[in-house]
Amino acid sequence: MEYFRINGLTKLSGDAYIHGAKNSVLPILAASILIKGESVIHNCPQLSDVDNTVKILEHLGARVKREGKTLIVDSSSVNKYDIPQRLMQEMRSSIIFLGALLSRMKTARLYLPGGCKIGLRPIDLHLKGLSELGYGIESDGSSLFCSYSNKGAEAVVLSFPSVGATENLILASVFNEGKTRIINSAREPEIEDLCEFLNGAGAKIKGAGSTIIEIEGVASLHSTEHTVIPDRILASTIMCAAAITGGSVRLNNIRLSHLAPVLSVFNEAGCKLYAGDSSLVIKAPKRIRRVKKIETRPYPGFPTDSQAMCSAMLTLSNGVSMIYETIFENRFRHMPELMRFGADITVQDRVSVINGVKRLKPASACCTDLRGGAAVVIAALSAQGESEIRDIHHIDRGYENFERQLNSLGAAVKRISDEKEKEGNPKQQQTESERRGQSA
Ligand code: UD1
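Here we summarise the structure given alongside this text.

Calculation rules
Residues numbered from 1 in each chain as written. Predicted model: local features only at pLDDT ≥ 70, side-chain atom pairs only at ≥ 80, totals over all residues. Heavy atoms only, no water. Near = heavy atom within 4 Å. Polar contact = N/O pair within 3.5 Å; in protein donor to acceptor, adjacent residues only side chain to side chain. Areas by Shrake-Rupley, 256 points an atom, 1.4 Å probe, with all protein chains shown as cover. Helix = DSSP H or I, 4+ residues; strand = E, 2+ residues; numbered from the N terminus. Nonpolar A, V, L, I, M, F, W, Y, C, P; charged D, E, K, R; others polar. Pairing = 2+ DSSP bridges. Axes fitted to C-alpha atoms, helices over the stretch in contact; angles between N-to-C directions. Contact = heavy atoms within 4.5 Å. Patch = residues over 30% accessible without salt bridge, like charges linked within 9 Å, V, L, I, M, F, W, Y side chains within 5 Å. Salt bridge = Lys/Arg side-chain N within 4 Å of Asp/Glu carboxyl O. Lys, Arg positive; Asp, Glu negative; His and termini not counted. Charge placed at Lys NZ, Arg CZ, Asp CG, Glu CD. Buried < 20%, exposed > 50% of the residue type's maximum accessible area, 1.4 Å probe, protein only. Parallel < 35°, antiparallel > 145°, perpendicular 65-115°, else oblique. Left-handed = near helix turned anticlockwise from the far one by under 90°. Phe/Tyr/Trp six-rings, centres within 6.5 Å; stacked < 30°, edge-to-face > 60°.

### Notes on the site of the ligand
Neighbouring the ligand are 18 residues; D124, L125, S162, D305 and I327 lie closest to it. Between an oxygen atom of the ligand and a side-chain N or O atom of N23, the distance comes to 3.0 Å. Burial of the ligand by the surrounding chains reaches 86%, relative to a free accessible area of 740 Å². Secondary-structure elements contributing two or more residues to the shell around the ligand are α5 (124-132), α6 (163-173) and α10 (304-314). Here the shell around the ligand gets three residues from one element, more than from any other, and that element is α5. Broken down by class, the residue content of the shell around the ligand amounts to seven nonpolar, six polar and five charged.

### Quick notes on the sheet that holds strand β7 (residues 135-139)
In sheet architecture, strand pairing relies on hydrogen bonds along the backbone and comes in two forms, parallel and antiparallel. Spatially, three strands are ordered β6-β8-β7 in an open sheet, and the strand pairing comes out antiparallel. The sheet is open, and its two borders are formed by β6 (107-111) and β7, each paired with just one other strand. Strand after strand, the sheet turns through a mean of 15° between neighbouring axes, direction not considered. Two strands pair when backbone bridges link them, and β6 and strand β8 (residues 143-148) are joined in this way by five bridges, in the antiparallel orientation. The residue of β8 that forms the bridge with A108 is C146. Across the sheet, helix α4 (residues 97-105) is in contact with β6, β7 and β8; its angle to β6 comes to roughly 155°.

### Side note on a positive patch on the surface
On the surface, a cluster of positive charge is made up of K11, K272, K283, K286 and R289. Relative to the elements of secondary structure, K286 occurs in the loop between β16 (279-283) and β17 (293-295). Under the relative-accessibility criterion, K286 is labelled exposed at 91%.

### Observations concerning the sheet that holds strand β22 (residues 386-390)
Spatial ordering of the open sheet is given by β21-β22-β1-β23, a layout of four strands whose pairing is mixed. Each edge of the open sheet carries a strand with a single partner, namely β21 (364-366) and β23 (412-417). Averaged over all pairs of adjacent strands, the angle between their axes in this sheet comes to 25°, without regard to strand direction. Pairing of strand β1 (residues 2-7) with β23 involves six bridges; the strand directions are antiparallel.

### Some points on the packing of α6 against helix α7 (residues 189-200)
Two elements in contact, α6 and α7, have axes whose closest approach is 10 Å; the angle formed by their N-to-C orientations is 15°. Classified by the interaxial angle, the pair formed by α6 and α7 is roughly parallel. Seen from above, α6 lies across α7 with right-handed handedness. The segment α6 lies against α7, with V163, T166, E167, I170 and L171 engaging E190, I191, L194, C195 and L198. Its residues placed into classes, the contact of α6 with α7 shows seven nonpolar, one polar and two charged.

### Focus: the packing of aromatic side chains
Inspection of every chain in the model, using the stated rule, returns two aromatic pairs. On the numbers, 5.6 Å between centres and 75° between planes, the contact of Y135 with Y148 is edge-to-face. Taken together, the residues span a long stretch of sequence, with Y135 in strand β7 and Y148 in strand β8 at a distance of 13 residues. Classification of Y148 as partly exposed rests on a relative accessible area of 36%.

Keep in mind these values describe shape, not function.
Right under this line is the structure:
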């Protein structure tokens, strides 16, 4: 197992490159199986979630090659319609292969997905929508078998603008006869990016980024090339790290409009923001100001994915901040971990109240999930002394070489392997086995 050892209290400064968006690249890779040819996808970050998606593509019969930040997927020989449980359980977003497989093979057999334990995360909206589009669905509670049965409705109304359900319905409609409309669709930039990729391959999709998406069926898609949008959640993570350490960082390769929902929070927190065309400088105040209320909402509201990192930042504010999480019912699991650093937080159901303290102390803490993990790293960066952060595999799902990026800004984050440490230190090996003995 690996963990981070972090020596905090350095002000972060310098330039940070914002890599491609995890939440774009995953559905785009799934969409590549609709193309009986090559998809050249640039700006693909090296993440464990991307590696898992590639494993699914290869299992289905695609050939995938990485050249630096570019993934080249040749889906001409995709010939399977099933995804085994071990591959599905690695990550929640594997469910996006459902719509893609139905489009390509008209049939899909897969398992209910795994992923972050941030809530129940049902897929009822995906299945209801697909069934309205004419797909038959059988499930025994753990596996799913879906296949095309008859021409379905021309419009599907989502009762909530689910990102994944919108993506699945788009993917399942690309080759449908006539026009299909998705009403109350999610408006996240990653949906626009997916549609741009598909349109580049010959799909006819209008309205992405709005609440009604219209897909006019086409007979086939052709080879294409696409560059993935920058990761707005990584950008907000680096902003929180800069702010909590009292630093000043320039973010490069950003889309400012995608960051609009979080900028007002950094403003209210007293950060100075200087925007360029594709860059943004954030300069922290002497002391972070409290933010009256953050309420997570579907885009263009404040992103639930930025909530954990902002809550870490606000632990050092000059007053009381309130966070209302409306998207996921279990997305405060990082709060007890932040309290290990001395943060003063009260959690009640979907509301957290953060009473800012003057300083955090170093601690041993765990990553509870991907963004919760980033939040505890941010806390450790501001605590004077040595902290240890465990379960960092969660972080590797969504941040490419996070420690290298933070260290390039002046942080002192070391990735340590338990095993190697034990090999090099027999005394510690003994201590470890003693510890295991005690807890057995
Ligand atoms: C995507 C993002 C995730 C982000 C989330 C919300 C990817 C790979 N992941 O996840 O990082 O946090 O959007 O912005 O893009 N829901 C249902 N039934 C459904 C589907 C969703 O009740 O069939 C509920 C969920 O439980 C959750 C809410 O709707 O409470 C939002 O989920 P959704 O927008 O679908 O998120 P994901 O696509 O899973």
